[in-house]
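# Descriptive analysis of the structure
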Protein chains: 2
Amino acid sequence: MESRRVGILGGGQLGRMVQEAASRLNISLTILDEPVDSPAKQLNANQPHIHGSFRDPVKIRELAESVDVITVEIEHVDTRVLHELEASGKSVHPSPATITLIQDKYLQKQHLAKYGIPLADSLDCSDQEAIERAAQEFGYPFMLKAKTMAYDGRGNYVVSSMADLKDARSKLAPDVPLYAERWAKFDRELAVMVVRSITGEVSSYPVVETVHKNNICHLVFAPAQVGRGLTGTSDETFSTSIQERARRVAENAIASLSGAGVFGVEMFLMQDGSILLNEIAPRPHNSGHYTIEACYTSQYENHLRAILGLPLGSTEMKVEAAGMLNILGAGENTYLACEEAYRLRGATTHLYGKKECKAGRKMGHITIVGDSMQEVHTRLLPLVMAIDPSDKPPLHLNPLVSIVMGSDSDLKVMEAAAQILTKMSVPFELSLVSAHRTPERMYHFGRLAHKRGVKVIIAGAGGAAHLPGMVAALTPLPVIGVPVRGSTLDGVDSLHSIVQMPRGVPVATVAINNSTNAALLAVRMLGSFIPSYRVRMERYQSQMEEEVLGKVNTLDNVGWEKYEYIKH
Amino acid sequence: MESRRVGILGGGQLGRMVQEAASRLNISLTILDEPVDSPAKQLNANQPHIHGSFRDPVKIRELAESVDVITVEIEHVDTRVLHELEASGKSVHPSPATITLIQDKYLQKQHLAKYGIPLADSLDCSDQEAIERAAQEFGYPFMLKAKTMAYDGRGNYVVSSMADLKDARSKLAPDVPLYAERWAKFDRELAVMVVRSITGEVSSYPVVETVHKNNICHLVFAPAQVGRGLTGTSDETFSTSIQERARRVAENAIASLSGAGVFGVEMFLMQDGSILLNEIAPRPHNSGHYTIEACYTSQYENHLRAILGLPLGSTEMKVEAAGMLNILGAGENTYLACEEAYRLRGATTHLYGKKECKAGRKMGHITIVGDSMQEVHTRLLPLVMAIDPSDKPPLHLNPLVSIVMGSDSDLKVMEAAAQILTKMSVPFELSLVSAHRTPERMYHFGRLAHKRGVKVIIAGAGGAAHLPGMVAALTPLPVIGVPVRGSTLDGVDSLHSIVQMPRGVPVATVAINNSTNAALLAVRMLGSFIPSYRVRMERYQSQMEEEVLGKVNTLDNVGWEKYEYIKH
């Protein structure tokens, strides 16, 4: 179907997964890398690959002769020859200019700063004097970084105090140009894969959270669970979600570059909710492995589509949640997590066919998908612990249910809902949103809730009880209303205020003061799509039945005259 | 990780997809097939494959020498040598006995009949006299079938009338033994992939619907949309879903065989809702291609796990719905659907790398996934039409919403719900279920609804209005109650009957007579998990807003004195 031949510089695991996508599309791929049986080459018996270095101009030119489009799975390639090939009319993606820019992290940041991308402040450090100036400017700790040939934490040095200052230079490879960066006291690390078409159109995958261990990517959670907190504090964070802002930063950064392909954009989520871009990889990225099982179109297929000028595939997730664990070389313990993965629902193991298992080498990865992040986390835990029993990955969960009430006096009624959701293991949030006293908060809460991953809203209110209906007017989500009984009218006022909504805006109303039922209704709504919650609901219903049958038994045994009613 | 080597007889597209799964698990696979560059061999540059026929005992023995476990991707292999290898202690899966049994369709059916598997009646037809006896027994039309070497409709002949009887024999390959089968007047064709572990434990994938064209598999829909009809008519169909029954038939059939692996079980869904088994394939199957993108573990990986005695992977779907389209050789038009697939969300193309494109040859397939079958169908349509503009795949949809009411007098109130769901493109059903007059129907309706794919129930009732609460007591699904106003008490009786549910069993109650809001609430519940419905809800909310803003405009223009209220 596709007659153009693609050549790729590098044949490691990223190339291997590009190869998988290429085979499915009958796209001819020729691989340039040193090992004769590199991970990517193993999967392609169709053509003679080129055995040599992706830094060797002769080999790159040899590859160029046999293919129509050249791409990379690693950025540490010889770009001079790529520039030369591009000038001679060969398609090279991403553009040699982009690869060159990204090879120098300091140039990369200067470029991005010009485009208004938020970054940690940085300073060129050509000599010891400059390093000391950086210390004065940034204070301690600050980062000293190699501009080039840095990856997986190599080329980074944390200058913690004045004592470190003197021999900081010697901690990094000699002759490598350096720059300093202000310490980013981040809360979490995020990443976004962006795909850029041949015409410069960009499209981003969901924001993921990455967890590093010894500076190497350890875990990835998709989508990033950054939906907690009803609304932010600054003007910007008030009206947009972290997800939206991170995607915008990533897309703007990639839009500023040239050439087609997928790009990995690593970012910091700062404690105030703001985003800083950390660095860009001009190729498929470890943080995007999960896209194979979890998205409509994988990063690998989209990379091929992009560089061939084909229509880009959808970057949306097809499952609710995914997690990824890297399998690093660890001698005979390397594959313990893989053995465990066989016993886990939703786990897919990818091994890279690497013969030599050096310590810390990326030997494979496992992707876990599920219908909620909680499920993914539960499944991931035994894998992580198979590698390191003391390891406990961070558990961040977007609230699936948001409980809000007009006044803290409603809490005594609404707490039963919180208890049920806790019992049923539903991640939720509970806060005050008053229609009458905090209308602006209510407005943004209603507008943002679904963008934060909330699936159902429970709103309790008494008296005039406007909150449920007003929130329903602002959100496309289902809103459950709990009429709270006030001091007069027995709660009938609240009930009628909540249930008698005008045509067009529904509120799912439950009995007066019955927030238990509101929570159970929320669990039923989740259970229609998340089987584990349906199972929990069925178990809850069986338990109620058994409880009554137990009472039947007691009645039969002791007789009605002696039966004592015990209120639960 | 896995040190045992697997050898496979056959290296076509099924072998290719087994190879993909094997590579991911670092499982060494050696392929025996004639073409040097068969689809499976192309993806494995790791070892020398064996070039020869899977019917050639010499080649099979040669394969056996280099591997630990032997399996097949095609059943038309030499089983005598497999029996011999098994006797000598080599692992062969599925067992040679099973493959031998399945090679003879008549023996296969006699075996299954012994195990109580429902089948169309069949008769051995060793001579013309026997064929005539079959005609008398079965009437016209009936099927005359070759016992062996039959696939993709080859070896089947429909005897339509007495005129066909005389030369029926000559319509089929000479010397092939025949049998006759009663005509199965089926409503639809279903299939289930079953995986059988080395210890005989069976686990089935969801029931799918298959659509054939010229006797070749054309489309597959997963899960089969057989959830329509509130409850069945016979005792059995009353209390179990078609899905459950079809899986049970398939699992029982495979449990009766020996050896490990995946098996494709093709079935007929008869017009009365009963199931007949049609035939079994002892290997991965075309109707299970969709499992790669749509299930936790693909049939290919599960086949490898089964034959190696590893824990079986989950057969559950990870997406709500999937569809599969085969790409058959059609000259220069072969890849039209693939070109189209690039533009469709959720489409994944699998091409098999076949160099020669004979008419009707399986060249690839496209799998479409989505968050509802409706979406999958919508996405599939342009693909199907790219191949044949006059083709219209059958549109069966499980109802996502079930509207029930206690009496047909409630219809005038409840029809507004049906109108909203129609407008919002939500597949739904509407029927009568009376708590007081049809309690048995209500019981089975409540118990079965979620097994039929229903996600939300809307129940309308007036007066004592028990239906919503009683249905809520029977189902784990969310139930929306619509209080219908009766001739007295203004509907307050219905409202209180529905909303004041006891702790433990919630009903989402909407305003009196406001079934519009019930439907909108159902759409919101769906929209929390099916983005296209959330988008529709957002659009609906914008339209309401625009409508009011239009009235603001009119008021401003004509003034309040001249303003005329128009009731919509």
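As shown above, the structure is provided for reference.
Summarised in this report is the structure supplied together with it. Computed from a predicted model, the values in this text were never measured in an experiment.

Reading the values: rules and limits
- Residues numbered from 1 in each chain as written.
- Chains lettered and ligands numbered in written order.
- Predicted model: local features only at pLDDT ≥ 70, side-chain atom pairs only at ≥ 80, totals over all residues.
- Heavy atoms only, no water.
- Contact = heavy atoms within 4.5 Å.
- Buried area = accessible area lost by both parts, 1.4 Å probe.
- Salt bridge = Lys/Arg side-chain N within 4 Å of Asp/Glu carboxyl O.
- Polar contact = N/O pair within 3.5 Å; in protein donor to acceptor, adjacent residues only side chain to side chain.
- Helix = DSSP H or I, 4+ residues; strand = E, 2+ residues; numbered from the N terminus.
- Nonpolar A, V, L, I, M, F, W, Y, C, P; charged D, E, K, R; others polar.
- Core = buried A, V, L, I, M, F, W, Y, C linked by side-chain atoms within 4.5 Å.
- Buried < 20%, exposed > 50% of the residue type's maximum accessible area, 1.4 Å probe, protein only.
- Axes fitted to C-alpha atoms, helices over the stretch in contact; angles between N-to-C directions.
- Parallel < 35°, antiparallel > 145°, perpendicular 65-115°, else oblique.
- Left-handed = near helix turned anticlockwise from the far one by under 90°.
- Pairing = 2+ DSSP bridges.
- Phe/Tyr/Trp six-rings, centres within 6.5 Å; stacked < 30°, edge-to-face > 60°.
- Lys NZ or Arg CZ within 6 Å of the ring centre and 35° of its normal.

## Things to note about the interface of chain A and chain B
- With 88 residues of chain A at the interface, the matching set in chain B holds 88 residues.
- When chain A packs against chain B, close to 7600 Å² is buried across both sides, 55% of that on carbon and sulfur atoms.
- Among the residues chain A hides against chain B, the three largest losses belong to Met1, Tyr342 and Phe529 of chain A. Together they make up 12% of the total.
- Summed over the shared surface of chain A and chain B, the result is two salt bridges.
- The partner of Glu316 of chain B in a salt bridge is Arg345 of chain A, with the nearest N and O atoms 2.2 Å apart.
- Our count for the contact surface shared by chain A and chain B stands at 45 residue pairs in polar contact (both at pLDDT 80 or more).
- With seven residues, the single largest contributor to the side of chain A that touches chain B is helix H19 (residues 515-527) of chain A.
- Grouping the constituent residues of the side of chain A that touches chain B by class yields 43 nonpolar, 24 polar and 21 charged.

## A look at the nonpolar core
- Core analysis: the biggest nonpolar cluster contains 65 residues, and Val401, Ile403 and Ile480 of chain A together with Ile480 of chain B have the highest contact counts within it.
- Every residue in contact with Ile480 of chain B, bar those within four places of it in the chain, is listed here: Val456, Ile457, Ile458, Ala459, Val507, Ala508, Val510, Ala518, Leu521, Ala522 and Met525 of chain B.

## A word on the packing of helix H17 (residues 439-448) of chain B against helix H18 (residues 467-474) of chain B
Residues and elements named next belong to chain B.
- At their nearest, the axes of H17 and H18 sit 8 Å apart, and the two run at 50 degrees to each other. By the angle between their directions, the pair H17 and H18 is classed as oblique. The two elements H17 and H18 meet at a crossing, and its hand is right-handed. Every residue of H18 that contacts H17 at Met442, Tyr443, Phe445, Gly446 and Arg447 is listed here: Leu467, Met470, Val471, Ala473 and Leu474.
- A breakdown of the residues in the contact of H17 with H18 according to their chemical character gives eight nonpolar, one polar and one charged.

## A short note on the sheet that holds strand E6 (residues 122-125) of chain A
Residues and elements named next belong to chain A.
- In spatial order, the strands read E6-E9-E7-E8; together these four strands make up an open sheet with antiparallel pairing. Of all strands in the sheet, those with a lone pairing partner are E6 and strand E8 (156-159), marking the two edges. If you compare each strand with its neighbour and ignore which way they point, the axes differ by 25 degrees on average.
- Examined bridge by bridge, strand E7 (residues 142-146) and E8 share four bridges and lie antiparallel to one another.

## Remarks on the packing of aromatic side chains
- Counting across every chain of the model gives seven aromatic pairs over all chains.
- Ring centres of Tyr140 of chain A and Phe142 of chain A lie 6.1 Å apart, and the angle between their planes is 45 degrees; this geometry places the pair in the tilted category.
- Taken together, a centroid distance of 5.3 Å and an interplanar angle of 45 degrees make the contact between Tyr106 of chain B and Tyr179 of chain B tilted. Here Tyr179 of chain B lies in strand E9 (residues 178-182) and Tyr106 of chain B lies in helix H6 (residues 105-114), a separation of 73 residues in the sequence.
- For Tyr106 of chain B, a relative accessible area of 10% puts it in the buried group.
- The positively charged end of Lys455 of chain A is found above the aromatic ring belonging to Phe529 of chain B, 4.6 Å away from the centroid.

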